[in-house]
Amino acid sequence: MANCPVIVPYFVFVVKERIGEEGGEGGENKRLLLWNKSNIQVDRRRIKRYNPAMKTTLRTLLLALIFVLPSFGNEVSIVPDAKPVEYNRMIFGQFIEHFHRQIYGGIFEPGSPLSDKDGFRTDVIKALRELKIPIVRWPGGCFVSSYHWLDGTGPNRQPAYDKAWGVEDPNTFGTVEFVKWCKLIGAEPFICTNAGTGTPEEMSDWVEYCNLNIGKYGRLRKSHGIEEPLNVKYWSVGNENWGGHEIGAKTVAEWGPLVRESAKMMKNTDPSIKLFAAATDNEGWTLPLLQNAGRHLNYVSIHGYWDGLWMNNTGSPYLACMMRTEQPAGAIAKTITILEKAKLRGKVKIAFDEWNLRGWHHPEFPGGSADKNRIVDRDKNDINSTYTMADALFSACFLNTCLRNCGDVEIGGFSPIVNTRGALFVHPKGIVKRTTFYVLQLYADKLEKNVLPVTVKSEPLVSGKQSVPVLDVIVTTNDAKTKFVIAAVNKSPDKAVELALAAELQSRSGKVAATVLSGASPDDFNDIGAENRVVPETKTLEIKAGKVSLPAHSLVILAL
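Definitions and limits used
Residues numbered from 1 in each chain as written. Predicted model: local features only at pLDDT ≥ 70, side-chain atom pairs only at ≥ 80, totals over all residues. Heavy atoms only, no water. 1 Å grid on protein atoms, 1.4 Å probe; cavity = no way out; pocket = protein on both sides within 12 Å on 5 of 7 lines; lining within 4 Å. Points joined across faces, edges and corners; volume = space filled by probe spheres on them. Helix = DSSP H or I, 4+ residues; strand = E, 2+ residues; numbered from the N terminus. Nonpolar A, V, L, I, M, F, W, Y, C, P; charged D, E, K, R; others polar. Core = buried A, V, L, I, M, F, W, Y, C linked by side-chain atoms within 4.5 Å. Buried < 20%, exposed > 50% of the residue type's maximum accessible area, 1.4 Å probe, protein only. Contact = heavy atoms within 4.5 Å.

> What is the right way to read empty space enclosed by the protein from this model?
The gaps left among the atoms become clear once a water-sized probe is rolled over them. In the structure shown here, the tally under the stated rule is one cavity of 30 Å³ or more. Put simply, the largest cavity is a space of about 30 Å³. Lining of the largest cavity is provided by Tyr-147, Trp-149, Thr-193, Asn-194, Gly-198, Thr-199, Glu-202, Met-203 and Trp-206. Take the lining of the largest cavity: its biggest share by element is three residues, from helix H4 (residues 200–211). Broken down by class, the residue content of the lining of the largest cavity amounts to four nonpolar, four polar and one charged.

This is the structure we're talking about:
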């Protein structure tokens, strides 16, 4: 599949300078200034010698022009002869880990009046079915790098110390429980293996236990009362093994060969599985990985959290979060470049299988058991006032970015789906659907099956010295290009913004029904006792002279 880019037009200025051999008088050079109103760039490739003071002056003057020249407006145009490109619904995938209350007290709570006979919270199952989740990655995350899967199988399970998070895991929720739960919510199970303290053989034995009827571990599963194979198709070698924070972290020299040998054993056990490996957008790590093991892989896994709150739980305010909405695109672009250098683009896809605006709060990680107060600090992840329209709109922009790059990005993993920074907050008496829940619900339920390449022109949203386009827009369509659904984000905290629609999208005019997710303020959130403060609403918008007004701090889904 081809990429699905949004093309941002630039206005080009050619500036002539008088320079000499050493930057003084006597010569002439040309410099290109590219202006898209939200970002002025100097094309340094065309400049060998320049006057730094003049560069600063020109940049200042052009920035000033943004505020005195008439606005160029905001519009979405369909790329000429654009063909619809089908995206993989796995982009709407989720992630869950044995951390804090995601598993125990989250999706799994034996003895609760809200749980079924197997201990699964039925209110959680019902809510997650609304998201039409295609795939869930488990059991970690950092947890997996010291997790031994056999401890979570069979009738005689013993608790084990979790070296990553510094707590004891009872092992009552293991492989069989995970696969059963995935079936209940309608998702494919995706298992991440222990490449920290584990071995290639242990990883391949796990594949055998899940997918074979023969061999020591295939028979072991049957002895546990599971006659039919679990048929787990998606498997990852490791989690963030590039990082010093990870149990059993690896060097660049170690990682490629370990992935290669693990992949060989896992695919020799079941050739039909799809394999991932922990990667980053850093060429120094991922290119050697691909050179060693790329021929065995289907995906590279990359992760991203853009408001890092690991040690300090003071979240960034709304505008600061909006200034980060374009950063995921940079990570994807870098990873694509690495795949091209390895000559594997198109053969190996990208899985952004951990992502969220907010990083998890976990002081004293790894471990933490020596100071119980630091573990209690993890409760701060569950403060619902953290998850505002900033989280919702960042998430919508992230999904738009993945859909624009759907030729390369096939799988996602919102991190996590329940509790911590999850879209669903679960407490002993019920649930709260946070703002991000409704974003995931709308994207899973409302869009057409294809992305249509478009050109978007947008005014800037400025915060201090930073700016981003105020609008983020994608257009989806059916195969025949007779139905269109627009997903548009207006990042402005306080102003409605008019969007001019392409001629092909103006078949309807006048009043139209739209689904709008917004709030009374950018800082609105849902909480116990105020579960419906921010919910999608069907509103009537008017298309007038080919333009539609998008409310402030909103996600608008418009079917045409």
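> Would you mind showing me how to read the layout of surface pockets here?
Of the voids in this model, the second largest pocket is the one considered here, and its volume is about 450 Å³. Glu-240, Trp-242, His-303, Tyr-305 and Trp-310 are, among the 23 residues lining the second largest pocket, the residues nearest its centre. Listed by contribution, the elements that provide at least two residues to the lining of the second largest pocket are strand E14 (299–307) and helix H9 (327–341). In terms of residue count, E14 provides more of the lining of the second largest pocket than any other element does, five residues in total. In terms of residue class, the lining of the second largest pocket is built from 11 nonpolar, eight polar and four charged.

> Any chance you could explain the nonpolar core here in plain terms?
The nonpolar side chains of a soluble globular protein tend to be buried, and buried together. If you look at the biggest cluster of nonpolar residues, it comprises 149 residues, and the most contacted ones within it are Leu-128, Trp-181, Trp-235, Tyr-443, Leu-505 and Leu-555. Among the elements that line this core, the one with the most residues is helix H11 (residues 389–404), at 11 residues. Every residue in contact with Trp-181, bar those within four places of it in the chain, is listed here: Ile-107, Phe-120, Ile-125, Leu-128 and Val-136. In terms of nonpolar packing, the next biggest core, distinct from the first, is built from eight residues, Met-90, Ile-135, Tyr-234 and Phe-276 among them.

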